[in-house]
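# Observations on the three-dimensional arrangement
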Amino acid sequence: MISIVAGTNRADSKTLKLATYIAELYRERGEKITLLDLSKLPPELLSPLSYGQKPADFVEQFSEPLLASRGTHWIIPEYNGSFPGALKLLIDHLPFPDFYDSRPAAFTGLSAGSSGGMRPVEQMQQIMAYRNGYAYNRRVFIPATYQTLDDQGVPLEEELRERLQRQVDGFRTFASRVHALTDS
Ligand SMILES: Cc1cc2nc3c(=O)[nH]c(=O)nc-3n(C[C@H](O)[C@H](O)[C@H](O)COP(=O)(O)O)c2cc1C
């Protein structure tokens, strides 16, 4: 099973729509998917006490499915030259080192501007490297989201759909190989 994190909690985000499209690409290959929507993060996670006592909803709906997956595909929008605060909130509440150590990770960035989310993706890669994860380096960056994606988050250009398919196929193999190496 692969987990996909739609990296914002903004209502009606392009990120969640794109993540839903990417989830379908995995499912078409027979892969089981858990899609995590940060708009469903329990508000109690913002409580100062939540670092000690995680909300039960968070453990059931976020930590456990993420831990059970053999790799995580992060869909990361650019907000103010970085990734959204909701995504950092998730990261800071996931179990360390259990979630991060040796975890295969793929990255797809998106932005309304021209960079395609390269800045937030590279910032996330720094975090994952610091936490001893394994990055799949075939990243995809999607610029000008209001021109390149349709209302359902589907890329309008065939070339971009193909690039996402190659990323999905490559990451499935990469995640399995990383596990074969790290489990032995
Ligand atoms: C709070 C906020 C900050 C944003 N900052 C940037 C930015 O720095 N650069 C950029 O190209 N787009 C920026 N955007 C636009 C998003 O990248 C754009 O809406 C894109 O579709 C992905 O975000 P979404 O999933 O919320 O739709 C920002 C959007 C929001 C809501």
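Here, every reference points to the structure presented above.
Here the structure is a predicted model, which means the values were calculated and not measured.

Close to the ligand lie 15 residues; Arg 10, Thr 15, Tyr 79, Asn 80 and Gly 113 are nearest. Contacts to the ligand include Arg 10, whose side-chain N or O atom sits 2.6 Å from an oxygen atom. Thr 15 has a polar side-chain atom sitting 2.5 Å from an oxygen atom of the ligand. Starting from 600 Å² of accessible surface for the ligand in isolation, the protein chains cover 74%. Mapped by element, the contributors of at least two residues to the shell around the ligand are helix H1 (14-28) and helix H5 (145-148). Of the residues contributing to the shell around the ligand, the split by class is four nonpolar, eight polar and three charged.

A word on the layout of surface pockets. Rolled over the atoms, a probe sized like a water molecule indicates the empty space that remains. Of the voids in this model, the largest pocket is the one considered here, and its volume is about 170 Å³. Taken together, 13 residues form the lining of the largest pocket, with Pro 77, Tyr 79, Ala 112, Thr 145 and Tyr 146 sitting closest to its centre.

What the rule picks out here adds up to 11 salt bridges. One salt bridge connects Arg 27 with Glu 24, and the closest N-O pair in it is separated by 3.4 Å. Placement of the pair is Arg 27 and Glu 24 together in helix H1, with a separation of three residues, close to one helical turn. Taking the shortest distance from any N to any O, the salt bridge between Arg 161 and Glu 158 comes out at 2.6 Å. One end of the pair, Arg 161, and the other, Glu 158, are both in helix H6 (residues 158-183), three residues apart, so they sit about a helical turn from each other.

Before going further, it helps to examine helix H4 (residues 118-130). For H4, spanning 13 residues, the distance from its first C-alpha to its last is 18 Å, which sits close to the expected 18 Å at 1.5 Å a residue. Burial in H4 covers these residues: Pro 120, Val 121, Met 124, Gln 125, Ile 127 and Met 128. Buried residues of H4, viewed axially, fall in a sector of 160°; they line one side. Seen from the open side of H4, the exposed residues pointing more than 90 degrees away from its buried face are Gln 126, Ala 129 and Tyr 130. Where the residues of H4 are buried, they touch strand E3 (71-77), helix H3 (85-93), strand E4 (104-110), strand E5 (134-135) and strand E6 (140-142). Two residues or fewer past H4, Asn 132 is found with a positive phi of approximately 70°.

What counts as what
Residues numbered from 1 in each chain as written. Predicted model: local features only at pLDDT ≥ 70, side-chain atom pairs only at ≥ 80, totals over all residues. Heavy atoms only, no water. Near = heavy atom within 4 Å. Polar contact = N/O pair within 3.5 Å; in protein donor to acceptor, adjacent residues only side chain to side chain. Areas by Shrake-Rupley, 256 points an atom, 1.4 Å probe, with all protein chains shown as cover. Helix = DSSP H or I, 4+ residues; strand = E, 2+ residues; numbered from the N terminus. Nonpolar A, V, L, I, M, F, W, Y, C, P; charged D, E, K, R; others polar. 1 Å grid on protein atoms, 1.4 Å probe; cavity = no way out; pocket = protein on both sides within 12 Å on 5 of 7 lines; lining within 4 Å. Points joined across faces, edges and corners; volume = space filled by probe spheres on them. Salt bridge = Lys/Arg side-chain N within 4 Å of Asp/Glu carboxyl O. Expected span 1.5 Å × (residues − 1). Buried < 20%, exposed > 50% of the residue type's maximum accessible area, 1.4 Å probe, protein only. Arc of directions from axis to C-beta. Contact = heavy atoms within 4.5 Å.

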